[in-house]
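The residues making up each chain are set out below.
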Amino acid sequence: MSKSLRILVPVKRVIDYAIKPRINKAGTGVEKTGVKFSMNPFDDIAVEEAVRIREKHKKLVENIHAVSIGPLKAQDILRTALAKGADTCSHVDVKEAELEPLAVAKILKEMVAKQNANLVILGKQSIDDDCNNTGQMLAGLLNWPQATFAAKVEIDEANMTARVTREIDGGEETVSAPLPLVVTTDLRLNQPRYATLPNLMKAKKKPLEKLSLSDFSKVDAEPRLKVMKVEEPPTRSAGIKVGSVDELIEKLKEVKAI
Ligand code: AMP
């Protein structure tokens, strides 16, 4: 059997990173009306990495499939993923409800089977819920090795293994694992390309599979957590500027910090 890579890239639609999130009136989450949404930045890096792997290993990569679980509007970011180089994609319509990482991981597990994927590249975390759970849970459910917080990914075609350099506290760690594998992306992995207008036009013709939760009947997507409340961080009082080290020491003594 010839060697091939089938890459699955889960992408989430989140509030644009440049927007300062505001808490909704009910205090139950972030205000979502009238706000710009984009692809989660770490997922943009994941799409870019999949495309770069194909550019480097032209014959090896059979397919790059993007998948997004979210409201209808999630199709916009899937089109962006297609414009950047994904070949095909699936949208799992879950209306406005936000699924917890475990439910997302269970759906992704089924998507892996459907696509016969042997490499999943996810973002290390969604910038809206900051969970940093899904990749790890997916690897656990699949019983696959995981290389999280990737700063460099190298595929060894001959042995069908991956060498991943990981961001760790105060340094880097390089690990090696046989495929199939789950990788999660960190910020320094690459600089994603922009989706050009011609490619966005071409992306409209690429296949988009429409699915809903009922297509994943074995998945228990019931929430296990209840959000009690969401609060703004306490406002910090204004600082002061001091003119010298002596003055700084004086002030610190005043507030009994030393
Ligand atoms: P999280 O565990 O929520 O921080 O998310 C980590 C990664 O899982 C994200 O960067 C995405 O790659 C993937 N992911 C999470 N939620 C979704 C979703 N609803 N649809 C597609 N991918 C998702």
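What you see is a predicted model, and the numbers here were worked out from it, not measured in a lab.

A.B. asks: Explain the overall build of the protein to me, and be specific about the residues and the numbers.
C.D. replies: From N to C terminus, the protein includes six helices and eleven strands. Taking the principal axes of its C-alpha atoms as reference, the protein extends roughly 75 × 45 × 40 Å. Within the span of the protein, comprising 258 residues, buried residues form 45% of the whole. Put simply, 71% of the contacts in the protein that link residues at least 6 apart link residues at least 24 apart. If you sum the accessible surface of the protein, you get close to 15,200 Å²; carbon and sulfur atoms cover 54% of it. Placing the 41 positive and 36 negative side-chain charges of the protein at their respective mean positions leaves the two points 4 Å apart.

A.B. asks: Tell me about the sheet that holds strand β11 (residues 208–212), residues and numbers included.
C.D. replies: If you trace the nine strands from one edge of the open sheet to the other, you get β9-β8-β7-β10-β6-β1-β4-β5-β11, paired in mixed fashion. Two strands in the sheet have a free side with no partner beyond their single neighbour: β9 (171–178) and β11. Taking the axes of each pair of neighbouring strands and ignoring which way they run, one obtains an average angle of 30° across the sheet. Bridge count between strand β7 (residues 146–156) and strand β10 (residues 181–185): three bridges; the pairing is parallel. Bridge assignment links Ala 150 to a residue of β10, and that residue is Thr 185. In the packing of helix α1 (residues 41–56) onto the sheet, contacts are made with β1 (5–10), β4 (61–70), β6 (119–123), β7 and β10, and the angle to β6 comes to roughly 150°.

A.B. asks: Quick one: what's the story with the packing of aromatic side chains, residue by residue and with numbers?
C.D. replies: Inspection of the entire model under this criterion finds zero aromatic pairs. Seen from the ring of Phe 37, Arg 13 lies directly overhead, with NZ or CZ sitting 3.9 Å from the centre.

A.B. asks: Lay out a negative patch on the surface in plain terms, naming residues and giving numbers.
C.D. replies: Among the surface-exposed residues, Asp 246, Glu 247, Glu 250 and Glu 254 lie close enough to one another that they form a single negatively charged patch. Position of Glu 254 among the secondary structure elements: in helix α6 (residues 245–254). Taking relative accessible area as the criterion, Glu 254 reaches 54% and is therefore assigned exposed.

A.B. asks: Account for the pattern of salt bridges, naming residues and giving values.
C.D. replies: Taken as a whole, this structure holds 20 salt bridges when the rule is applied. Among the ionic pairs, Glu 62 bridges to Arg 6, the shortest N-O distance being 3.5 Å. Taken as a pair, Glu 62 in strand β4 and Arg 6 in strand β1 lie far apart in primary sequence, 56 residues in all. In this structure, Glu 231 engages Lys 229 in a salt bridge whose closest nitrogen and oxygen atoms are separated by 3.7 Å. For Glu 231, a relative accessible area of 58% translates into the label exposed. Since its relative accessible area comes to 58%, Lys 229 is described here as exposed. Connected through shared salt-bridge partners, Lys 12, Lys 32, Glu 98, Asp 128 and Asp 129 make up one network.

Reading guide: rules and limits
- Residues numbered from 1 in each chain as written.
- Predicted model: local features only at pLDDT ≥ 70, side-chain atom pairs only at ≥ 80, totals over all residues.
- Heavy atoms only, no water.
- Helix = DSSP H or I, 4+ residues; strand = E, 2+ residues; numbered from the N terminus.
- Buried < 20%, exposed > 50% of the residue type's maximum accessible area, 1.4 Å probe, protein only.
- Contact = heavy atoms within 4.5 Å.
- Areas by Shrake-Rupley, 256 points an atom, 1.4 Å probe, with all protein chains shown as cover.
- Lys, Arg positive; Asp, Glu negative; His and termini not counted.
- Charge placed at Lys NZ, Arg CZ, Asp CG, Glu CD.
- Pairing = 2+ DSSP bridges.
- Axes fitted to C-alpha atoms, helices over the stretch in contact; angles between N-to-C directions.
- Phe/Tyr/Trp six-rings, centres within 6.5 Å; stacked < 30°, edge-to-face > 60°.
- Lys NZ or Arg CZ within 6 Å of the ring centre and 35° of its normal.
- Patch = residues over 30% accessible without salt bridge, like charges linked within 9 Å, V, L, I, M, F, W, Y side chains within 5 Å.
- Salt bridge = Lys/Arg side-chain N within 4 Å of Asp/Glu carboxyl O.

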